[in-house]
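Close look at the chain arrangement
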Amino acid sequence: MLAALAIFVIGRWLARLVSRIVKRGLARNPRIDAILVGFLTTFTYYTLFAFVVIAALNRLGLQTTSIIAVLGAAGLAIGLALQGSLSNFAAGVLMVFFRPFQIGDFIEGADTMGTVRELTLFTTTLLTPDNKIVIIPNNKLNSDNIINYNTLGRRRLDLVFGVSYQADIDKVKAILADEIKADRRFLADPAPQIGLLELADSSVNFAVRPWVNADDYWPAFFGFQESVKKRLDAEGISIPFPQRDVHLIGTN
């Protein structure tokens, strides 16, 4: 019993030591993603710990082959009862190896938007823009569309500005182009697009589609609309409210 206890204690300590060594070794390689580092570290520890438990039981004189057979049958029964958890585990493995996102990426999936904080064996943790922690089961996230806003490094703003029908179209386009050039957050390549989008009921709408780095998306989104509004006001170009003519028909 003392030998079995020694095997268990020392073996568990060695399993933790080896998992830490694996973590340090993987973390030194910049080409290995942090998600893969955490996943392999956890997998290494529990695999070694399982061998330690079997070795300790074998030292006690128990027939480990029979125990393994019993554990296999029990594992099958537990697997059937925990299909959801196993599907989450399988989804976690798939996401680790196919890598649809990395730690720190801003993604949208499973009706949630946020920055990836952690990917474990069963769940993915996101930090939402309003500072909420959302824990999503891996299977739910993997079975849905995953939109990664950081993979390509650049994003396009899709903005619409409406002006009155009395405004000079060429002047409005020149103002929008000037405001884009004045904002250093916008990229020259790809070139921004400015075009007349539609002749709406109450306004002439222009589509403005400049490109920014992913980290500058929201500051540029808010800042550019503010600057355009101020510039249009200064130039005397109105942004009309929806208008409708109402005819009242009287009867004697």
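Along each chain, residue indices are assigned from 1 in the same order as the chain's sequence is written. In view of the model being predicted, local features appear only for residues whose pLDDT reaches at least 70, and side-chain atom pairs are presented and counted only at 80 or more, with totals across whole chains, interfaces and linings using the full set of residues. With hydrogens and water stripped out, all remaining heavy atoms of the structure feed into the side-chain values.

**Examining the sheet that holds strand E3 (residues 123-127)**
- Strands qualify as paired when DSSP identifies two bridges or more between them. For the purposes of this entry, the term helix denotes a DSSP run of H or I that reaches at least four residues, the term strand denotes a run of E that reaches at least two, and both are numbered from the N terminus. The sheet built from 5 strands is open, its strands ordered E4-E3-E2-E1-E5 with antiparallel pairing. Of all strands in the sheet, those bounded by a partner on one side alone are strand E4 (133-137) and strand E5 (147-148).
- Relative to E5, strand E1 (residues 106-109) runs antiparallel, the two sharing 2 bridges. Bridged to Ile107 within E5 is Asn148.

**Looking at the nonpolar core**
- For the purposes of this section, nonpolar cores are sets of buried Ala, Val, Leu, Ile, Met, Phe, Trp, Tyr and Cys residues that join through side-chain atoms within 4.5 Å. Residue exposure (1.4 Å probe, protein chains only): buried if accessible area is under 20% of the type maximum, exposed if over 50%, otherwise partly exposed. If you look at the biggest cluster of nonpolar residues, it comprises 21 residues, and the most contacted ones within it are Leu157, Val163 and Phe224.
- Elements represented by at least two residues in this core include exactly strand E7 (159-163), helix H6 (169-182), strand E9 (204-209) and helix H7 (217-234).
- Of all the elements, H7 adds the most residues to this core, at 6 residues.
- Ranked by size, the runner-up nonpolar core spans 12 residues in total, among them Phe39, Met95, Val96 and Ile136.

**A word on the packing of aromatic side chains**
- Ring pairs are drawn from Phe, Tyr and Trp, using the six-membered ring of Trp, whenever the two centres fall within 6.5 Å, and their geometry is named by plane angle: stacked under 30 degrees, edge-to-face over 60, tilted for the rest. Enumeration over the complete set of coordinates arrives at 11 aromatic pairs.
- With a centroid separation of 5.4 Å and an interplanar angle of 85°, the aromatic rings of Phe221 and Phe222 are classed as edge-to-face.
- Judged by relative accessible area, which is 53%, Phe222 ranks as exposed.
- Through a chain of ring-to-ring contacts, three or more aromatic side chains come together here, namely Phe8, Tyr45, Tyr46 and Phe49.
- The criterion for a charge sitting over a ring is simple: Lys NZ or Arg CZ within 6 Å of the ring centre, and within 35 degrees of the ring normal. Of note, Arg155 hangs over the ring of Tyr217, and the distance from its end group to the ring centre comes to 3.7 Å.

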